[in-house]
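Coordinate analysis (summary)
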Amino acid sequence: MLELKLKTDLIECGTDEAGRGCLAGPVTAAAIILPDDFSNDILNDSKQLSEAKRKILRPLLEDCCISYSVTHIFMEEIDKINILNASILGMQRSIEQLTPQPEHISVDGNRFKPYHNIPYTCVIKGDAKFMNIAAASILAKTYRDAYMEKIHEEFPMYNWKKNKGYPTVEHREAIRKYGITKYHRKSFRLLPEQLTLEFK
């Protein structure tokens with residue numbers, strides 16, 4: 001079972017994002033504050049769980065948490081500021097919506113930017129270590145998947161309901177055949193080196 005949070009004596013939120021490596025659709029971030037008495041045997045990194053389990057967990061997390069928020073950062077903004085900055089911006093916008101504001105932020109991964117002087121800790125593979133980060137990963141993933149399933153109806157030839165915009169062989173073949181849509185991240189196709197831009 002995962003630990004609840006990193007700083008046991010503080011109001012802490014976990015934050016994570018989904019869709020960073022996708023060619024289409026938003027990057028979606030979530031932040032959540034879980035109560036100190038929270039426990040759940042199923043909760044884990046969203047990538048380790050089946051879609052069915054993620055769908056069961058989402059309303060459960062929303063009902064029992066102290067506060068949560070989910071933010072989409074859309075393609076135009078990703079293309080403007082690059083995916084790393086967009087991921088961090090999404091996490092910060094989600095944290096901004098929390099009530100109360102956290103006294104500490106646990107971030108999945110190794111990159112973040114200072115937010116309102118609130119101390120933060122980046123945790124590599126944090127979604128497999130702490131419940132609050134795992135919970136944020138579930139919310140980010142389920143909200144983003146729902147968005148991709150919705151836009152799949154508009155452009156079914158890319159099969160986003162299955163690949164969710166990730167660069168699968170099928171998705172790349174569809175781009176080759178049909179070109180790109182308004183939902184594709186143009187900077188990804190034209191400027192792949194943007195993924196490794198120096199972080200400022």
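Heads up: the structure comes first, above all this text.
Just so you know, these numbers come straight off a predicted model, no measurement behind them.

What to know about the overall build of the protein chain
Counting its regular elements, the protein chain contains seven helices and five strands. Tracing the protein chain from N to C terminus, the helices and strands come up as β-β-α-β-α-α-β-β-α-α-α-α. Against the globule reference of 16 Å for 200 residues, the protein chain gives a C-alpha radius of gyration of 17 Å, in line with a compact fold. Once the C-alpha set of the protein chain is aligned to its principal axes, its extents read approximately 55 × 40 × 25 Å. Buried positions account for 52% of the 200 residues belonging to the protein chain. Looking at the protein chain as shown, the accessible area adds up to about 10,000 Å², and 53% of this sits on carbon and sulfur atoms. Distance between charge centroids for the protein chain: 8 Å, based on 28 positive and 27 negative side chains.

Overview of unusual backbone geometry
Residue Pro100 is bonded to the preceding Thr99 through a cis peptide linkage, with omega at 0°. Tracing the backbone shows Pro100 in the loop between α3 (83-96) and β4 (104-108). Although it is not a glycine, Asn82 adopts a positive phi angle of roughly 80°. Structurally, the position occupied by Asn82 is in the loop between α2 (75-81) and α3.

Description of the pairing of strand β1 (residues 12-18)
The buried fraction of β1 is high, at seven of seven residues. On β1, burial covers both faces: Glu12, Gly14, Asp16 and Ala18 on one face and Cys13, Thr15 and Glu17 on the other are all buried. Alignment of β1 against β4, held across four bridges, turns out to be parallel. Within the sheet, the bridge partner assigned to Cys13 lies in β4 and is Ile105. Strand direction decides the pairing type here: β1 and strand β2 (residues 27-33), joined by five bridges, are antiparallel. Looking across to β2, one finds that Glu17 is bridged to Ala29.

Things to note about the sheet that holds strand β3 (residues 67-73)
Spatially, the five strands line up as an open sheet ordered β3-β2-β1-β4-β5, and their pairing is mixed. Looking along the sheet, the strands with just one partner apiece sit at the ends: β3 and β5 (120-123). In this sheet, adjacent strand axes meet at a mean angle of 20° when their direction is disregarded. In terms of strand pairing, β4 meets β5 through four bridges, oriented parallel. Looking at the pairing, Ile105 lines up with Tyr120 of β5.

Each value, and the rule that gives it
Residues numbered from 1 in each chain as written. Predicted model: local features only at pLDDT ≥ 70, side-chain atom pairs only at ≥ 80, totals over all residues. Heavy atoms only, no water. Helix = DSSP H or I, 4+ residues; strand = E, 2+ residues; numbered from the N terminus. Rg over C-alpha atoms; globule rule 2.2 N^0.38 Å. Buried < 20%, exposed > 50% of the residue type's maximum accessible area, 1.4 Å probe, protein only. Areas by Shrake-Rupley, 256 points an atom, 1.4 Å probe, with all protein chains shown as cover. Lys, Arg positive; Asp, Glu negative; His and termini not counted. Charge placed at Lys NZ, Arg CZ, Asp CG, Glu CD. Pairing = 2+ DSSP bridges. Axes fitted to C-alpha atoms, helices over the stretch in contact; angles between N-to-C directions.

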